[in-house]
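Close look at the chain arrangement
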Amino acid sequence: MSRRPESERSDWTDLDLLTREEAHGRLLTEIAETDVRLAGLGDSDEAERDLLRSRLRALREAAEELTDHSEEG
């Protein structure tokens, strides 16, 4: 364990950073799980359906952004 105060420690030493590929994979998993939740909602769950649709849009945009950046390199 480092003796430095947490504010002075490097993020790189925490070893919890994701690569773009790992982050993209996690986003795809979350998208799939959210799709399943959305498909399982009944007609009376319109408010939750709207929230999940919004979440899916954001997740898909984030996943797309990660793949766009990886193609630039």
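Look a little higher up for the structure.
Here we take up the overall build of the protein chain. Of the regular secondary structure elements, the protein chain holds two helices and zero strands. Counting across all 73 residues of the protein chain, residues that qualify as buried make up 16%. Residue pairs in contact within the protein chain that sit at least 24 positions apart in sequence constitute 49% of those at least 6 positions apart.

Over its 20 residues, helix H1 (residues 20-39) runs 28 Å from end to end, which matches the ideal 28 Å to within 8%, given 1.5 Å per residue. Of the residues making up H1, those classed as buried are Ala23, Leu27, Ile31, Thr34 and Leu38. For H1, the arc enclosing every buried residue in end-on projection is 80°, short of the 170-degree limit, so these residues lie on one face. Residues of H1 that are exposed and point over 90 degrees away from its buried face: Glu21, Arg26, Val36 and Ala39.

Reading guide: rules and limits
- Residues numbered from 1 in each chain as written.
- Predicted model: local features only at pLDDT ≥ 70, side-chain atom pairs only at ≥ 80, totals over all residues.
- Heavy atoms only, no water.
- Helix = DSSP H or I, 4+ residues; strand = E, 2+ residues; numbered from the N terminus.
- Buried < 20%, exposed > 50% of the residue type's maximum accessible area, 1.4 Å probe, protein only.
- Contact = heavy atoms within 4.5 Å.
- Expected span 1.5 Å × (residues − 1).
- Arc of directions from axis to C-beta.

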